[in-house]
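Okay, here's what each chain looks like letter by letter:
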Amino acid sequence: MDVLSDAITAMRTGLPHASRTRMRGPWGVRFQPQQGAGFHVILQGSCWLLPATGEPVRLGVGDVVFLPRELGHGLADAVTTPLVEATPRFDDGSPIGSLDHDGPGPLTEMLCGAYRFDQTRLHPLLTELPDVMHIPARIGHHPSLSGAIELLGRELASVPGPHDGTAPAQGFETATRALLDALLVYVLRAWYDTHEPATGWGAALRDPAVTAALRAIHQHPATPWTVQSLAARAGLSRAAFAQRFASKVGAPPLAYLTWWRMTTAARLLRDTDLPLRAVAERTGYATEFAFAKAFKREFGTAPGRYRSGPGRLFSA
């Protein structure tokens, strides 16, 4: 896997959700803060995004807005329209929900979705992003993002209504979840394609030397990396590499290595039933004791207790 994919996988918990929403004015909805990120894509009409902080943002056809930290926000046909609490309806286990409103005014149709992230282990790639990422529609730009939106919209449009007695198309849940995963990647790509910071993860992902070291850390976290061996991967001297890595990533190479090892360990504990010995080996610790000590120092709890906590996918 690549660095961006790894970062997303490490943060993700649960399954993404989405809906194809039709609202006729006047309408206004408020979304409460969530443990994750959200997005909206305008398919028809227009509306206003009312963020938790900052000025309202006008959204038109083809616009995408991504909220990497769902602090709560509103959507409305006008900034003066009162907001009501949004309560999307989801069937158990389904990635599809609905949130519709019929009124006498113009129609706004949207794709809306949410991703669940572990807020305790957000990757720096996500934390450095602004609270509101508005990607305006630009014909001919970001074709992969446009393609994912079109396919997701078609898949959601094929879902039968709650009372028509028909079944969804075969495989639509798998297809929708895959498209939601792809959409998240394409949103981040589109953002970084149009925003080129000199520092931070946007810059790190564009730097071949830093990316080579990050890829080595991500692919082989158990390797006993040193600054010198990572510098060799990057093709730089030790001093030049250490300075360049820290300036782009925001942490020294070995500090990031430890952070990634612990993040990987937490994911393995949460999402697999591997014994602690195997988790320790996969994250570069020679013994369970050394691993447990490092894990407790990072998380404030023992690996076994963390594994039995909320979010566990496998029973003990």
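Everything that follows concerns the structure shown earlier in this document.
A. Representation of the overall build of the chain within the structure. In terms of regular secondary structure, the chain is built from 12 helices and 12 strands. Scaling as 2.2 N^0.38, a compact globule of 316 residues should have a C-alpha radius of gyration of about 20 Å, and the chain matches this with 22 Å. Taken along its principal axes, the extent of the C-alpha atoms in the chain is 65 × 45 × 35 Å. A buried classification covers 46% of the 316 residues belonging to the chain. Counted over contacts in the chain with a minimum sequence separation of 6, partners at least 24 positions apart contribute 76%. Just so you have it, the chain exposes about 15,300 Å², and 55% of that area is on carbon and sulfur atoms. Of the side chains in the chain, 31 bear a positive and 28 a negative charge, and the two mean positions are spaced by 9 Å.

B. Here's a closer look at the pattern of salt bridges. Summed over the entire model, instances satisfying the criterion amount to nine salt bridges. One salt bridge connects Asp 131 with Arg 69, and the closest N-O pair in it is separated by 2.9 Å. Of this pair, Asp 131 sits in the loop between helix H2 (124-127) and strand S12 (133-135) while Arg 69 sits in the loop between strand S6 (64-67) and strand S7 (73-76), placing them 62 residues apart in sequence. Judged by relative accessible area, Arg 69 falls into the buried class, the value being 17%. For Glu 173, the salt bridge goes to Arg 177, with nearest N and O atoms at 3.7 Å. Of this pair, Glu 173 and Arg 177 both sit in helix H4 (residues 172-194), separated by four residues, roughly a single helical turn. Each of the salt bridges in this network shares a partner with another, and the network as a whole consists of Arg 20, Arg 22 and Glu 109.

C. Spatial organisation of the environment of Ala 198. In this structure, Ala 198 sits in the loop between H4 and helix H5 (201-204). Residue class for Ala 198 comes out exposed when judged on its relative accessible area of 64%. For the pair formed by Ala 198 and Lys 248, sequence separation is 50 residues and the distance between their alpha carbons is 8.0 Å. Residues within four places of Ala 198 in sequence aside, it is in contact with Ala 203 and Lys 248.

D. Inspection of the side chain of His 73 at higher detail. Mapped onto the elements of the fold, His 73 is located in strand S7. Given a relative accessible area of 6%, His 73 falls into the buried group. In contact with His 73, other than residues within four places in its own chain, are Val 29, Arg 30, Phe 31, His 40, Leu 49, Leu 50, Pro 51 and Leu 67.

E. Broad picture of the environment of Ala 232. Its place among the elements puts Ala 232 in helix H7 (residues 227-234). You can call Ala 232 exposed: its relative accessible area is 57%. In this structure, the C-alpha to C-alpha distance between Ala 232 and Ala 213, residues 19 residues apart in sequence, is 8.7 Å.

Rules used throughout
- Residues numbered from 1 in each chain as written.
- Predicted model: local features only at pLDDT ≥ 70, side-chain atom pairs only at ≥ 80, totals over all residues.
- Heavy atoms only, no water.
- Helix = DSSP H or I, 4+ residues; strand = E, 2+ residues; numbered from the N terminus.
- Rg over C-alpha atoms; globule rule 2.2 N^0.38 Å.
- Buried < 20%, exposed > 50% of the residue type's maximum accessible area, 1.4 Å probe, protein only.
- Contact = heavy atoms within 4.5 Å.
- Areas by Shrake-Rupley, 256 points an atom, 1.4 Å probe, with all protein chains shown as cover.
- Lys, Arg positive; Asp, Glu negative; His and termini not counted.
- Charge placed at Lys NZ, Arg CZ, Asp CG, Glu CD.
- Salt bridge = Lys/Arg side-chain N within 4 Å of Asp/Glu carboxyl O.

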